[in-house]
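# Close look at the chain arrangement
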Amino acid sequence: MAKNMKNNPAAMDERNTSSLKARRTGCYIVLILISFICLFWFYVLFINATRSNSQLAKGFTAIPSTYLLTNLDNLFKGTLPVISGLLNSLFVATCTAVLATYFSTMTAYAIHAYDFKLRKAMFTFILAVMMIPTQVTALGFIQLMTKMNLMDNFVPLIVPAIASPAVFFYMKQYMDSVLSKSLIEAARIDGAGEFHTFNSIVLPLMKPAIAVQAIFSFVASWNNYFTPALILHKDTMKTLPILIAQLRAADWLKFDMGQVYAMIAFSIFPVIIVYLFLSKNIVGGVMMGGVKE
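These notes cover the structure that comes with them.

What follows covers the overall build of the protein. The helix and strand tally for the protein stands at 15 helices and zero strands. Residue burial in the protein is summarised as follows: out of 293 residues, 34% are buried. Just so you have it, the protein exposes about 18100 Å², and 68% of that area is on carbon and sulfur atoms.

Written out as structure tokens, the structure is:
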């Protein structure tokens, strides 16, 4: 039978085609199941945002209700500064994403493009910083910010985020596979300065990686509760995660689960918009005109 298969190319092609279709079908089924598992909880969230507190107490239902506008109206008319919290979160998350990606890419470029003695030691040290939890340094960080009179200020939330070892590591790995050193040497021979080379040549090549890390940095800063809760105490300075925690911790007489779900759904929309805006750049040309070594 094996000899017959070898002597019959058409049968072999048909067998390979059927095997390919079976594997592709299996992949589609797995992807559909994973997508359903990931998106189902968003569906539950938005469904619960349309229900009242009494309806939520009765249990889950897959049919949306008519209390979405009521929940949003009660939320915005309440005592929590939701709009200012949204603007604060947008400002902090945007600044964090832009600065973290830019300076992490610059740091990765310095280690990738330059050859100096402490190059490997610096790379190892930066990776070691990732192993230190934020909670370990929180007390000293708060004492330092108090001495510098930076409590109730966005600076402690933005400036430390510039040093992002995780973003740096991703950029360095991506740069090793994308950025050719011959391209950098060619720019230097043409008389381009280092900042011009970085901003005009390196950054466009790193565009897909920057888009991915910008999304991750934005979402991480947007969802960050621990550090803002330690730094921000004025209601006008608080971010959305702090306001959501305050809404959930309300007195049981004033507690409204419908408002909680409505506020969580309201806080998710900016993240979805940022993802849709940057996701088109995730899948892009790897070299985008670069030269491979």
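Past the structure itself, the notes keep going.
Moving on: the nonpolar core. Core analysis: the largest hydrophobic core is formed by 21 residues, its most contacted members being Val82, Phe218, Trp222, Leu240, Leu247, Met263 and Leu278. Contributing elements (two or more residues each) for this core: helix H5 (82–113), helix H12 (207–223), helix H14 (240–248) and helix H15 (257–278). Residues within four places of Leu240 in sequence aside, it is in contact with Val82, Gly85, Leu86, Ser89, Trp222, Met263 and Ser267. The next biggest cluster of nonpolar side chains, apart from the first, holds 20 residues, and it includes Ala108, Tyr174, Phe198 and Met206.

To continue, consider the packing of H5 against helix H9 (residues 165–178). Running from N to C, H5 and H9 point in directions that differ by 50 degrees, and their axes come no closer than 8 Å. If you check the angle between H5 and H9, you find them oblique. Classified by chirality, the crossing of H9 by H5 is right-handed. Here Ala100, Thr101, Ser104, Thr105, Thr107, Ala108, Tyr109, Ile111 and His112 of H5 lie close against H9, whose contacting residues are Val167, Phe168, Met171, Lys172, Met175 and Asp176. Tallied by class, residues from the contact of H5 with H9 come to eight nonpolar, five polar and two charged.

What counts and how
- Residues numbered from 1 in each chain as written.
- Predicted model: local features only at pLDDT ≥ 70, side-chain atom pairs only at ≥ 80, totals over all residues.
- Heavy atoms only, no water.
- Helix = DSSP H or I, 4+ residues; strand = E, 2+ residues; numbered from the N terminus.
- Buried < 20%, exposed > 50% of the residue type's maximum accessible area, 1.4 Å probe, protein only.
- Areas by Shrake-Rupley, 256 points an atom, 1.4 Å probe, with all protein chains shown as cover.
- Core = buried A, V, L, I, M, F, W, Y, C linked by side-chain atoms within 4.5 Å.
- Contact = heavy atoms within 4.5 Å.
- Axes fitted to C-alpha atoms, helices over the stretch in contact; angles between N-to-C directions.
- Parallel < 35°, antiparallel > 145°, perpendicular 65-115°, else oblique.
- Left-handed = near helix turned anticlockwise from the far one by under 90°.
- Nonpolar A, V, L, I, M, F, W, Y, C, P; charged D, E, K, R; others polar.

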